[in-house]
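Residue strings, one per chain:
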Amino acid sequence: MTGERERANRRLTLRIAAVAVAMFGFGYALVPLYDVFCQVTGLNGKTGGRAAATEAYAVDPDRLVTVEFLATVNGGEPWTFRPAVARLRVQPGRSYVTHYLAANPTGRAVTVQAVPSVAPGLAAQHFHKTECFCFHRQDFAAGEAREMPLVFTIDPALPPEVGTVSLAYTLFELGETRAN
Amino acid sequence: MTTTTAAHAEHPEHGPARGLMRWVTTTNHKDIGTLYLLFALTMFFVGGAMAMVIRAELFQPGLQFVEPQFFNQMTTMHALVMIFGAVMPAFVGLANWQIPMMIGAPDMALPRMNNWSFWLLPFAFAMLLSTLFLTGGGPAGGWTMYPPLMLQTGEALPFVIFAVHLMGISSVMGAINVIVTVLNMRAPGMSLMKMPLFVWTWLITAFLLIAAMPVLAGAVTMLLTDRYFGTAFFNAAGGGDPVMYQHIFWFFGHPEVYIMILPAFGIVSQIIPTFARKPLFGYSSMVYATASIAFLSFIVWAHHMFTVGMPLAGELFFMYTTMLIAVPTGVKVFNWVATMWRGSMTFETPMLFAVAFVFLFTIGGFSGLMLAITPVDFQYHDTYFVVAHFHYVLVTGAVFAIMAAAYFWLPKWTGHRYDERLGRIHFWLSAVSVNVLFFPQHFLGLAGMPRRIPDYAVQFADWNMISSLGGFAFGTSQLLFLYIVVKTIRGGARAGAEVWEEAHGLEWTLPSPPPYHSFTEAPEVR
Ligand code: HEM
Ligand SMILES: [Cu+2]
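A brief structural summary. Since we're looking at a predicted model, the values are computed, not measured.

### Section: the overall build of chain A
Next, step 1: Helix and strand counts for chain A come out as 1 helix and 9 strands.
Next, step 2: Per-residue burial for chain A yields a buried fraction of 39% across its 180 residues.
Next, step 3: Total accessible area on chain A is roughly 9800 Å²; 55% of this is exposed by carbon and sulfur atoms.

This is the structure we're talking about:
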């Protein structure tokens, strides 16, 4: 076998190995790519992590949409976490205030974060929160219980076939509160 | 890594070294092929033993033999061992033995890398299997390793992830070797469109491996850093998304299922023409069909996640692309049938397995099509119907093809004919019991029995008992396979160079067993 064939083999090997390494990188690139894709298309039921601008919408008085509020605690931690009301009938375009209750059963000061998700996914881009406890981490003193407010508006542009929107929060413990 | 090729070429007459070190240090494609095949056979029985535990527990409703946690470890480990330990290494072993002989090359292009890629495997699996003995036991979150459940694995998690890394590196190196060998080492005159289909399907599989395995490595690395280094790829509290894992995993996972079936297509495309005594019908359409399946396999992944709450547009896209795959697959099935049409067929064991493959794999394809119908999948997802589907394509598909290949080429490799009568008994035992094992699982799934559970409602009892009986029979039948293989290696009627009447292909021009270095002089390709 000639040295030429060996060189050809080595060249090809390096090229394919480079593709393999690139595909490893591509796996990581999928993470931001999916996020961009979901943002552009508004899929995936993610509401923005920031307050929506307070816009004035034309209220649609003939339409009522049911909003269901759900609460889950991650990983079976013993927290109390529930919505003050399980459902509201709302008019698109009007602003509503409700709240969630959370209680820290532990003897430690703990920081938590609630992560929202909206179903159906396509409704997420029409669900505007002007104030939400989910925008920030929440510090709880040992044994503290408190109400956490939520202010939202449903955009009248919500597709007409959507009659019910569910808003689900999952509460995550982030660890003991650090003094800052 | 390439210098050994030259070194060997200078001493074409030298044979294998002696003793155990021959196997540790070997760079010979036949030795490495043998190692891969023996390793795969061992893992087939290890994974099979786990399957027996599963079927024993499911023999009756209620918990009888094992703890639920251990049961879950068995389902997880059974899948990992069978996929990465049995099916994939068996195909790589076949590639090692056959590709150089089929394209008229003396050896694989990168012999040292070949040695390395094999020897990673025993370490990977020692590590994986050792997790069963750690506190907290082995992984129990399913072979798909979905977070957040997988992140609750005990001490086993990093071991599992490093084992997956090693398996991935091993397969990528194996794939590089195949590509370089096929593209650079063909005998003069062996143009791409003259290559045997087994070589073609392996070439395409190798590209799938290069593109898919690193993505899996990335996904499990993200799991690892999420657990130990505070990243939040999949942790919703930190802004991540557990569904993202499923997208990345199945971007690997669906091509992976084709990695496990394309070489099987190749094997069957070698065997059927031989025993029908006709050339393969539609050779070039076979090549194009394989290539289109490979391409399509990258754009169908979310059919595993129809129920995660995708928007309608996504559900439709993945439903249609998935169904599209059935078209090239159908082309292949019709080509095999057309090859047999009016052939002068005989039914030696390899042909029996190959014909059973065509028939039973097609059943698996049909249940796949049912699963591809999105609204229907909402009912079938995560039930035993899915279990029945993938066992039809993987056991009566991939595993049957591997057995067909073993019977087909064993006389070439060992120089001995296997015992034809025992081979046929093995076939009939396997073919009947495998259907008793898996066909009832369709009914269980349609009736709503979830997968991955150690206990079930009493209305599922009858079919589960039948399925378990089939399972025990199938498992036991494979001991006969082991016996036949060992017996053939140790002796038997001498096989001539051609082995099968009028068999076509370069490997049949070499004596049986072939010389240590296959074609030191490039053969003439007609
Ligand atoms: C016509 C071809 C095929 C179609 C349309 C198809 C379709 C599907 C669909 C829709 C699912 C997801 C079911 C669910 O989880 O609800 C599935 C699962 C699966 N398929 Fe197929 N499939 C095909 C061929 C194959 C082949 C050739 C293999 C492997 C050799 C395979 C292996 C699997 C495996 C392993 C799973 C289950 C993965 C898991 O959840 O653990 N399929 N298939
Ligand atoms: Cu798939």
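### Considering the sheet that holds strand β5 (residues 110–119) of chain A
The pairing of strands in a sheet comes from backbone hydrogen bonds and takes either a parallel or an antiparallel form.
Residue and element names in this part refer to chain A.
Next, step 1: With respect to topology, 5 strands assemble into an open sheet ordered β3-β1-β9-β5-β7, the strand pairing being mixed. Of all strands in the sheet, those bounded by a partner on one side alone are β3 (87–90) and β7 (138–140). With direction set aside, neighbouring strand axes in the sheet form an average angle of 30°.
Next, step 2: Bridge count for strand β1 (residues 65–73) against strand β9 (residues 164–176) is 8 bridges, and the pairing is parallel. Residue pairing across strands places Val 67 opposite Val 165, the latter belonging to β9.

### Overview of the coordination of the iron atom of ligand 1
Next, step 1: Coordination of the iron atom of ligand 1 by the protein comes from a single atom, His389(B) (NE2), at 2.2 Å.
Next, step 2: Structurally, His389(B) is set in helix α14 (residues 384–414).

### Here we look at the packing of aromatic side chains
Aromatic rings considered in pairs are described by the distance between their centres and by the relative angle of their planes.
Residues and elements named next belong to chain A.
Next, step 1: Per the stated rule, a full pass over the model turns up 54 aromatic pairs over all chains.
Next, step 2: Ring centres of Phe 133 and Tyr 169 lie 4.8 Å apart, and the angle between their planes is 45°; on these two criteria the pair is classed as tilted. In this pair, Phe 133 sits in the loop between β6 (127–132) and β7 while Tyr 169 sits in strand β9, placing the two residues 36 residues apart along the sequence. Per residue, the accessibility class of Phe 133 equals that of Tyr 169, and both read buried.
Next, step 3: Its end group placed over the ring of Phe 140, Arg 146 keeps NZ or CZ at 4.2 Å from the ring centre.

### As for the site of ligand 1
All names here are of chain B.
Next, step 1: Taken together, 22 residues form the shell around ligand 1, and within it Trp 143, Asp 377, His 381, His 389 and Arg 451 come nearest.
Next, step 2: In the environment of ligand 1, a nitrogen atom lies 2.9 Å from a nitrogen or oxygen atom belonging to the side chain of His 389.
Next, step 3: At 2.9 Å, a side-chain N or O of Arg 451 approaches an oxygen atom of ligand 1.
Next, step 4: Sorting the residues of the shell around ligand 1 by element identifies α8 (242–259), α12 (349–372) and α14 as the ones contributing at least two each.
Next, step 5: Of the residues forming the shell around ligand 1, the biggest block, 6 residues, is contributed by α12.
Next, step 6: In the shell around ligand 1, the residues fall into 13 nonpolar, 7 polar and 2 charged.

### Quick notes on the interface of chain A and chain B
Next, step 1: Taken together, the contact pairs 28 residues of chain A with 35 residues of chain B.
Next, step 2: Surface buried jointly by chain A and chain B totals about 2800 Å² across both partners, of which 73% is contributed by carbon and sulfur atoms.
Next, step 3: Our count for the contact surface shared by chain A and chain B stands at 0 salt bridges.
Next, step 4: Linking chain A to chain B there are 3 residue pairs in polar contact (both at pLDDT 80 or more).
Next, step 5: By residue number, the principal contributor to the side of chain A that touches chain B is helix α1 (residues 3–41) of chain A, which donates 20 residues.
Next, step 6: Residue composition of the side of chain A that touches chain B, by class: 18 nonpolar, 5 polar and 5 charged.

### Brief notes about the packing of α12(B) against α14(B)
Residue and element names in this part refer to chain B.
Next, step 1: Between α12 and α14, whose axes approach to 8 Å, the crossing angle comes to 160°. Here α12 lies roughly antiparallel to α14, going by the angle between them. By crossing handedness, the relation of α12 to α14 is classed as left-handed.

### Section: the coordination of the copper ion (ligand 2)
Residues and elements named next belong to chain B.
Next, step 1: Every protein donor of the copper ion (ligand 2) is listed here as His 254 (ND1), His 303 (NE2) and His 304 (NE2), and their distances to the metal cover 1.8 to 2.0 Å.
Next, step 2: All donor residues of the copper ion (ligand 2) come from one chain, and their arrangement in sequence is H-x48-H-H.
Next, step 3: In this structure, the copper ion (ligand 2) is positioned 4.6 Å from the iron atom of ligand 1. Here His 304 lies in the loop between α10 (283–296) and α11 (312–340) and His 254 lies in helix α8, a separation of 50 residues in the sequence.

### A closer look at the packing of helix α3 (residues 29–57) of chain B against helix α5 (residues 111–130) of chain B
All names here are of chain B.
Next, step 1: At their nearest, the axes of α3 and α5 sit 10 Å apart, and the two run at 15° to each other. In terms of orientation, α3 and α5 fall into the roughly parallel class. The element α3 and its partner α5 pack so that their crossing is left-handed. The residues of α5 that touch α3, namely those facing His 29, Ile 32, Leu 35, Tyr 36, Phe 39, Met 43, Val 46 and Met 50, are Pro 111, Asn 114, Asn 115, Ser 117, Phe 118, Trp 119, Leu 121, Pro 122, Phe 125 and Leu 129.
Next, step 2: Of the residues contributing to the contact of α3 with α5, the split by class is 14 nonpolar, 4 polar and no charged.

### Let's talk about the sheet that holds strand β4 (residues 95–103) of chain A
Residues and elements named next belong to chain A.
Next, step 1: Taken in spatial order, the 4 strands make up an open sheet running β2-β4-β8-β6, and their pairing is antiparallel. In this open sheet, the two edge strands, each paired with only one partner strand, are β2 (80–83) and β6. If you compare each strand with its neighbour and ignore which way they point, the axes differ by 25° on average.

Calculation criteria
Residues numbered from 1 in each chain as written. Chains lettered and ligands numbered in written order. Predicted model: local features only at pLDDT ≥ 70, side-chain atom pairs only at ≥ 80, totals over all residues. Heavy atoms only, no water. Helix = DSSP H or I, 4+ residues; strand = E, 2+ residues; numbered from the N terminus. Buried < 20%, exposed > 50% of the residue type's maximum accessible area, 1.4 Å probe, protein only. Areas by Shrake-Rupley, 256 points an atom, 1.4 Å probe, with all protein chains shown as cover. Pairing = 2+ DSSP bridges. Axes fitted to C-alpha atoms, helices over the stretch in contact; angles between N-to-C directions. Donors = N, O, S within 2.8 Å, 3.2 Å for Na, K, Ca; no water. Phe/Tyr/Trp six-rings, centres within 6.5 Å; stacked < 30°, edge-to-face > 60°. Lys NZ or Arg CZ within 6 Å of the ring centre and 35° of its normal. Near = heavy atom within 4 Å. Polar contact = N/O pair within 3.5 Å; in protein donor to acceptor, adjacent residues only side chain to side chain. Nonpolar A, V, L, I, M, F, W, Y, C, P; charged D, E, K, R; others polar. Contact = heavy atoms within 4.5 Å. Buried area = accessible area lost by both parts, 1.4 Å probe. Salt bridge = Lys/Arg side-chain N within 4 Å of Asp/Glu carboxyl O. Parallel < 35°, antiparallel > 145°, perpendicular 65-115°, else oblique. Left-handed = near helix turned anticlockwise from the far one by under 90°.

Geometric descriptors of this kind do not, in isolation, establish any biological role.
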